[in-house]
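Each chain, written out:
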Amino acid sequence: MRAGERLEDLSREQLLELLTIYSKNWLAMDGVWFQSVERKYGMEEAMFHDVEAWKRFTVTEGRRIKKFLGLPERPGLEGLERALEFRFYANLSRYELRREGNSLLYRVLECPVQQARTRKRMGLHPCKPAGLEEYAGFARTIDDRISCQCVSCCPEITQEDCACAWRFTLDP
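Residues numbered from 1 in each chain as written. Predicted model: local features only at pLDDT ≥ 70, side-chain atom pairs only at ≥ 80, totals over all residues. Heavy atoms only, no water.

**Student:** Where do I start with the overall build of the protein chain in this structure?
**Tutor:** Scanning the protein chain from N- to C-terminus turns up five helices and four strands. Taken against the 2.2 N^0.38 rule, which gives 16 Å for 172 residues, the C-alpha radius of gyration of the protein chain at 17 Å falls within 12% of a compact globule. Considered along the principal axes of its C-alpha atoms, the protein chain spans approximately 45 × 45 × 30 Å. The buried share of the protein chain, taken over its 172 residues, is 42%. Contacts in the protein chain between residues at least 24 apart in sequence constitute 58% of all its contacts with a sequence separation of at least 6. (Helix = DSSP H or I, 4+ residues; strand = E, 2+ residues; numbered from the N terminus. Rg over C-alpha atoms; globule rule 2.2 N^0.38 Å. Buried < 20%, exposed > 50% of the residue type's maximum accessible area, 1.4 Å probe, protein only. Contact = heavy atoms within 4.5 Å.)

Okay, here's the thing in structure tokens:
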């Protein structure tokens, strides 16, 4: 049997359900390794490795999505907006995208990571350092003219009505 052959037998609904399962599995794996390092070595060490992982993963994810969508070399904020909608994380979190002049605001309204940590009575994940690598790296992979600024993210929450917010700007 060749790779993926069984997928061809699934209905559209089954494929969409499986995509959600794969997305949840990816997020669970991300959380499991992080919590393992956090338990053994503490939050600071776990965050170091989280940032290092995101530096590499986000570029890989960005390249693959860019190729899948057939985006040109520099697709601008339109291309980034489209690419953000196809990230694994987009299958799991409620978010909004809003154009504001020459920038794009991406707000995560419900974060499954923070929800899980709250359910487990763990402290909130101080995700800003990893988020900076994740979102800035993804945006640069889609279009090297795009910069990213953190608007709100734990531990520096400035917008209480969302889990985090990021502003992408197309630099001249």
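**Student:** Any chance you could explain the packing of aromatic side chains here in plain terms?
**Tutor:** For any pair of aromatic rings, the description rests on two quantities: the centre-to-centre distance and the angle between the ring planes. One pass over the full model with this rule turns up 10 aromatic pairs. Centre to centre, the rings of Trp26 and Trp54 are 6.2 Å apart; their planes meet at 80°, and the pair counts as edge-to-face. Highlighted residues: Trp26 in helix α1 (residues 12–41) and Trp54 in helix α2 (residues 43–69), separated in sequence by 28 residues. According to the relative accessible area criterion, Trp54 is buried, its value standing at 7%. (Phe/Tyr/Trp six-rings, centres within 6.5 Å; stacked < 30°, edge-to-face > 60°.)

**Student:** Honestly, the environment of Leu77 in this entry has me stumped. Any pointers?
**Tutor:** In this fold, Leu77 is placed in helix α3 (residues 76–84). Judged by relative accessible area, Leu77 falls into the buried class, the value being 2%. In this structure, the C-alpha to C-alpha distance between Leu77 and Ile146, residues 69 residues apart in sequence, is 7.6 Å. Once you skip the residues sitting within four places of it in the chain, Leu77 turns out to touch Arg99, Asn102, Ser103, Leu104, Ile146, Phe168, Thr169 and Leu170.

**Student:** How do you make sense of helix α5 (residues 128–142) when you look at a structure like this?
**Tutor:** One turn of an α-helix holds 3.6 residues; hence residues three or four places apart share an orientation. Here α5 is 15 residues long and its end C-alpha atoms lie 21 Å apart, about the 21 Å a rise of 1.5 Å per residue gives. The buried fraction of α5 amounts to 11 of the 15 residues, a majority that puts the element mostly inside the structure. Every buried residue of α5 is listed here: Lys128, Ala130, Gly131, Glu134, Tyr135, Ala136, Gly137, Phe138, Ala139, Thr141 and Ile142. Where α5 is buried, its residues touch α2, α3, β2 (103–110), β3 (146–152) and β4 (164–170). (Expected span 1.5 Å × (residues − 1).)

**Student:** Looking at this model, I keep getting lost on the sheet that holds β4. Mind explaining?
**Tutor:** Sheet strands pair by backbone hydrogen bonding; their relative direction is either parallel or antiparallel. Taken together, four strands build an open sheet; the order of strands is β1-β2-β4-β3 and the sheet is antiparallel. One side of each edge strand has no neighbouring strand; the edge strands of this open sheet are β1 (94–100) and β3. Across this sheet, the average inter-strand angle for adjacent strands is 20°, counted without regard to direction. (Pairing = 2+ DSSP bridges. Axes fitted to C-alpha atoms, helices over the stretch in contact; angles between N-to-C directions.)

**Student:** I tried to follow unusual backbone geometry on my own but got confused; where do I start?
**Tutor:** Leaving glycine aside, a negative phi is the common case for residues, and trans is the common case for peptide bonds. Cis peptide bonds are those with omega within 30 degrees of zero, and the linkage from Cys154 to Pro155 qualifies with 15°. Take Pro155: it is sitting in the loop between β3 and β4. A positive phi is found at Arg121, a non-glycine position, where the angle reads about 60°. The topology assignment puts Arg121 in the loop between α4 (112–119) and α5.

**Student:** Got a minute to help me understand the nonpolar core in this structure?
**Tutor:** Burial of nonpolar side chains together is a common tendency in soluble globular proteins. Membership of the largest hydrophobic core comes to 35 residues, with the highest contact counts inside it found for Leu80, Leu84, Tyr89, Tyr106, Tyr135, Trp166 and Phe168. Only α1, α2, α3, β2, α5, β3 and β4 provide two or more residues apiece to this core. Setting aside chain neighbours within four positions, we find Leu84 in contact with Ala90, Leu97, Leu104, Tyr106, Phe138 and Phe168. (Core = buried A, V, L, I, M, F, W, Y, C linked by side-chain atoms within 4.5 Å.)

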